[in-house]
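So you can see what is in the structure, the chains are spelled out below.
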Amino acid sequence: MLEIEVLKGGVEIIPALSAEWAGLCQEGGGTTPFLRPEWFTALVTNFKKDVELFTARKNGKLRALLPLMRKRSRIHGLPVRKLQAVFNPNTPQYDLIHGAKTGERPEIVDAIWKMLESSKGWDVFECRLVRADSWLSELVRTAHARGFPTGVWPMDTAPFVEVPAIQADGSISSFFSGKRKHLGKELARRFKRLEEKGAVDFVVSREYCPEMIERYLELESKGWKGQGGTAAIFDERSAGLLKEFANSMAANGDLLVYELRLESVTIAMSLNIRSGGRVFHWKTTYDEEFSRYSPGNLLFRHLLTECSANGVGEIDFLCPSLPYKTAWATGERDHVAFYIFRPAFIGRMSWIWKFRIISRLRKLKKAYPRLVATLSFWPV
């Protein structure tokens, strides 16, 4: 029998579980670093969140964990009480954390659902940016079978690159064929033009250095994120999350910081995390003064080459899907948001509002964008 326990509190409740939590991530194929305790520790610490950790144990051993939090929020303007993933705009992925034994799936999902169902004080259960094939999909089906309104909302895809084999000459020339032939030629041309400006170097570090992270934040603030006011340097909490998580990944030997330098000045930079046979392309930025040379793409080409030489099988671009990512990608993974609504007045009205009205309005908006643009009262 599984034993379900809910641990409530702030960041102080995470350390006691950290070793088991990390082991569960390593075992269960949830090798994405954004499911590890280090990520949630940094997130909860910097954003001062109270959390509820739903844990499932069998014979005393941790077999699953679902980090949740409570929040008064809105669904397209409609006020609700949410029991939701520990999540904010900095979160690139989320999921139920579980072991590798797929035979445990029905028992774990059923036990967690019973605890969720008995938990009071929520109208909507929400988990965003989850893989479509997640075990949480079965949680939604279980809730639906119990008479709870449910829904699956499409979200952005996460592009990825299957790393090509290294060639005898140390290059990845075979990757730049077919539809990427033009990309390969264009990058070679732009790299040559950049070299005409001065000495070009690629620098790679696995250590955490405060000055290096500050250099990244400063470079990011000068780009499109800075212009839009979304650069991490403008938010102490987001900057703190980045610094703390990068530091913890470096302590594990998993941080890879790549820099492209021109005459010893950094013009492009990326923060990457290696986990198992994959590299997660977490953060990237470049100096837009040098945009004509495509410094971000030149840096990624170097990263891809080194990943090929070092036995990495995949580079995950994470969400959202953007043109510069899809130009390199060999595939994309679907991500969704899972919803469960209480079968009471507010819950049912929220489900109707989101999955009957808003979803249809969005389809109409997509079909008739010019018409919708003239309607100032449009709710989506």
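Our subject is the structure that appears above.
As a starting point, this report considers the structure included with it.

Broken down by element type, the chain carries 12 helices and 15 strands. Judged by the C-alpha coordinates and their principal axes, the chain covers about 70 × 60 × 40 Å. Looking at the chain as a whole, 53% of its 380 residues qualify as buried. Long-range contacts, defined as pairs at least 24 residues apart, comprise 74% of the intrachain contacts of the chain with a sequence gap of at least 6. Roughly 17,900 Å² of accessible area belongs to the chain as shown, and the carbon and sulfur atoms make up 52% of that amount.

Attention now moves to the pattern of salt bridges. What the rule picks out here adds up to 23 salt bridges. Between Arg-81 and Asp-123 there is a salt bridge, with its nearest N and O atoms 2.9 Å apart. Of this pair, Arg-81 sits in strand E4 (residues 78-85) while Asp-123 sits in the loop between helix H3 (105-118) and strand E6 (124-131); the two residues are 42 residues apart in sequence, bridging distant segments of the chain. For Arg-81, a relative accessible area of 31% puts it in the partly exposed group. A residue is classified by how much of its surface remains accessible, and Asp-123, at 6% relative accessible area, is buried. Between Lys-243 and Glu-214 there is a salt bridge, with its nearest N and O atoms 2.7 Å apart. In this pair, Lys-243 is assigned in helix H8 (residues 236-251) and Glu-214 in helix H6 (residues 210-221), connecting sequence segments 29 residues apart. Taking relative accessible area as the criterion, Lys-243 reaches 27% and is therefore assigned partly exposed. According to the relative accessible area criterion, Glu-214 is partly exposed, its value standing at 37%. By sharing partners, the salt bridges in this structure join Arg-278, Glu-314, Asp-316 and Arg-333 into a single network.

The next thing to look at is the environment of His-302. Relative to the helices and strands, His-302 resides in helix H9 (residues 295-309). For His-302, a relative accessible area of 22% corresponds to the partly exposed category. In this structure, the C-alpha to C-alpha distance between His-302 and His-144, residues 158 residues apart in sequence, is 48 Å. In this view, His-302 contacts Phe-202, Val-204 and Tyr-258; residues no more than four positions away in its chain are not counted.

With that settled, the discussion passes to the sheet that holds strand E9 (residues 200-205). Reading across the sheet, the seven strands line up as E9-E10-E11-E12-E13-E8-E14 and stay open at both edges, with mixed pairing between neighbours. Either end of the sheet is taken by a strand with one partner, and the two such strands are E9 and strand E14 (331-333). Recorded for the sheet is a direction-independent mean angle of 25° between the axes of neighbouring strands. One ladder, built from eight bridges, connects strand E10 (residues 255-262) with strand E11 (residues 265-275); its direction is antiparallel. If you follow Glu-259 over to E11, its bridge partner there is Met-269. Across the sheet, H6 is in contact with E9, E10, E11 and strand E12 (278-286); its angle to E11 comes to roughly 115°. The strands touched by H9 within the sheet are strand E8 (158-162), E9, E10, E11, E12 and strand E13 (314-316), with E10 carrying the most contacts at an inclination of about 135°.

If you look at the biggest cluster of nonpolar residues, it comprises 75 residues, and the most contacted ones within it are Tyr-94, Phe-125 and Trp-282. Looking at this core, the element that brings in the most residues is H8, giving seven residues. In contact with Phe-125, not counting residues within four places along its chain, are Leu-66, Leu-68, Leu-83, Leu-116, Leu-139, Phe-338, Tyr-339 and Ile-340. With 29 residues, the next largest nonpolar core counts Ile-172, Leu-194, Ile-267 and Trp-328 among its residues.

Rules and cut-offs
Residue numbers run consecutively from 1 along every chain, following the written order of its sequence. Owing to the predicted nature of the model, reporting of local features is limited to residues with pLDDT of at least 70; listing and counting of side-chain atom pairs is limited to 80 or more, with chain, interface and lining totals taken over all residues. Only hydrogens and water are set aside when side-chain values are computed; all heavy atoms of the structure are taken into account. Secondary structure is summarised from DSSP: a helix means a run of H or I of at least four residues, a strand means a run of E of at least two, and numbering begins at the N terminus for each. The classification of residues rests on relative accessible area computed with a 1.4 Å probe and restricted to protein chains. Under 20% of the type maximum is buried, over 50% is exposed, and intermediate values are partly exposed. Only heavy atoms enter the contact rule, under which two residues are in contact if any of them lie within 4.5 Å. In short, Shrake-Rupley with a 1.4 Å probe defines the accessible areas, and a residue's cover is counted only from the protein chains shown. The rule for a salt bridge is simple: a side-chain nitrogen of Lys or Arg has to be within 4 Å of a carboxyl oxygen of Asp or Glu. Any two strands are treated as partners once DSSP identifies two or more bridges connecting them. Note on geometry: axes are lines fitted to C-alpha atoms, helical ones only across the stretch in contact, with angles between N-to-C directions running from 0 to 180 degrees. The term nonpolar core refers to a set of buried residues drawn from Ala, Val, Leu, Ile, Met, Phe, Trp, Tyr and Cys, joined through side-chain atoms within 4.5 Å.

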